[in-house]
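Remarks on the overall topology
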Amino acid sequence: MTMQIISKNKSFGGEQGVYSHESAETGCTMRFGVYLPPAAQEGPVPVLFWLSGLTCTEDNFIVKAGAQRMAAELGVAIVAPDTSPRGLNYPGDSESYDFGVGAGFYVDATQAPWVNGYRMYSYITKELFQLVAKGFAVDPLRAGIFGHSMGGHGALTIGLKNPDLFKTISAFSPIVSPTRCPWGEKALAGYLGDDRDTWADYDATLLVKRYGWSGPALLIDQGTDDQFLETQLKPELLVAACADAKVPLDLRMQPGYDHSYFFISTFIDDHLRHHAAHL
């Protein structure tokens, strides 16, 4: 797979790059960001994959999260992919913010026409993971995954199903049970069809019971003033599922914080330290 360099900028002694490549999984050009800390000049470093939320591109995290300073200090790389294929131009793929472009939900679609490109689960776990492992000074045996909202859902589900790839998991304001919220029900029905049994493969509250988790505690930050807390996110469902499965969970309810990148940037250092401590 050939990468094209979109941009490179020096940052805290390291380098923030943005790249593109032709993806076999999505059938289109995909963009992703990679921050390499100064330590990457000396040899492979641990790598974190950040999954963004609805409407985002690779750019949101790079510009708004303020992660580069701590990543440089800790010596970890951060990969930030886009949230969906772009340019496939399927009917209706740009009509709403919560389905189609910018809303891939990190699933492998099974329904037409989405089946032919909306394969963000395989894109992250197979194609992008291998591309980064081969193309950058990172250690693929020391990888973690984290994300926000829809991307928090992606981080939890991908991490729980792939402990061979990802040794640490954390999330901000994740959609913990897409089978039980409007965002998730719309997306899973559209991408996977009406058989709700197939949706279980992409619900963290069900996967934690199926697979368990033997790694460090799942770290979740959730703002108490998040406008989506009660209708879409429902962290109490993950609390109950982890308790049943005896999976360690560190859920931190942060008073007064909302769903924005102001929230993420406030606590991003804690998440980077959490991953680095175990990688």
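Residues numbered from 1 in each chain as written. Predicted model: local features only at pLDDT ≥ 70, side-chain atom pairs only at ≥ 80, totals over all residues. Heavy atoms only, no water.

Digging into the packing of helix 6 (residues 204-211) against helix 8 (residues 235-245)
Geometry of a packed helix pair, given as the angle between the helix axes and the separation of the axes. Definition in use: Note on geometry: axes are lines fitted to C-alpha atoms, helical ones only across the stretch in contact, with angles between N-to-C directions running from 0 to 180 degrees. Only runs of H or I of at least four residues qualify as helices and only runs of E of at least two qualify as strands under DSSP, and these elements are numbered from the N terminus. Working definition: roughly parallel below 35 degrees, roughly antiparallel above 145 degrees, roughly perpendicular at 65 to 115 degrees, and oblique for all remaining angles. Note on definitions: a residue-residue contact is assigned when non-hydrogen atoms from the two residues lie within 4.5 Å.
The contact between helix 6 and helix 8 brings their axes to 9 Å, and the two run at 5°. Classified by the interaxial angle, the pair formed by helix 6 and helix 8 is roughly parallel. Residues A204, T205, V208 and K209 of helix 6 form the contact with helix 8, whose participating residues are L237, L238, A241, C242, D244 and A245.

Observations regarding the state of the cysteines
The condition that has to hold: Counting rule for disulfides: a pair of cysteine sulfur atoms within 2.5 Å. Exposure categories follow from relative accessible area, calculated using a 1.4 Å probe and restricted to protein chains: below 20% of the type maximum is buried, above 50% is exposed, and the middle band is partly exposed.
Taken as a whole, this structure holds zero disulfides when the rule is applied. Free cysteine: C28, not disulfide-bonded; nearest cysteine sulfur from C56 at 17 Å. Residue class for C28 comes out buried when judged on its relative accessible area of 7%. C56 supplies the cysteine sulfur nearest to C181, a cysteine that is in no disulfide, at a spacing of 17 Å.

Re the sheet that holds strand 5 (residues 77-81)
Put simply, the rule reads: Here, any two strands with at least 2 DSSP bridges between them count as paired.
One open sheet holds the nine strands; their spatial order is 1-2-3-5-4-6-7-8-9, and the pairing between them is mixed. Here the strands that pair on one side only, and so sit at the sheet edges, are strand 1 (3-11) and strand 9 (249-254). The sheet shows a mean angle of 20° between the axes of neighbouring strands, taken without regard to direction. Helix-sheet contacts for helix 8 involve strand 8 (218-223) and strand 9, and the interaxial angle to strand 9 is about 155°. Running over the sheet, helix 9 (residues 261-278) touches strand 4 (45-51), strand 5, strand 6 (138-148), strand 7 (168-172), strand 8 and strand 9 and is turned about 170° from strand 7.

Structural notes on the packing of aromatic side chains
Aromatic ring pairs are reported here in terms of the distance separating the ring centres and the angle at which the planes meet. Just so we agree on the cut-off: Pairing of aromatic side chains requires ring centres within 6.5 Å, counting the rings of Phe and Tyr and the six-membered ring of Trp. Pairs whose planes differ by under 30 degrees are stacked, by over 60 edge-to-face, and all others tilted.
Here the structure, examined in full by the defined rule, presents 23 aromatic pairs. Ring centres of Y19 and F136 lie 5.0 Å apart, and the angle between their planes is 70°; on these two criteria the pair is classed as edge-to-face. Within this pair, whereas Y19 is found in strand 2 (residues 14-22), its partner F136 is found in the loop between helix 3 (120-135) and strand 6, the two being separated by 117 residues in sequence. An identical accessibility class is assigned to Y19 and F136; each is buried. Aromatic side chains Y257 and F263 sit 5.8 Å apart centroid to centroid with 40° between the ring planes, which places their arrangement in the tilted category.

Limitation: the analysis is restricted to geometry and does not speak to function.
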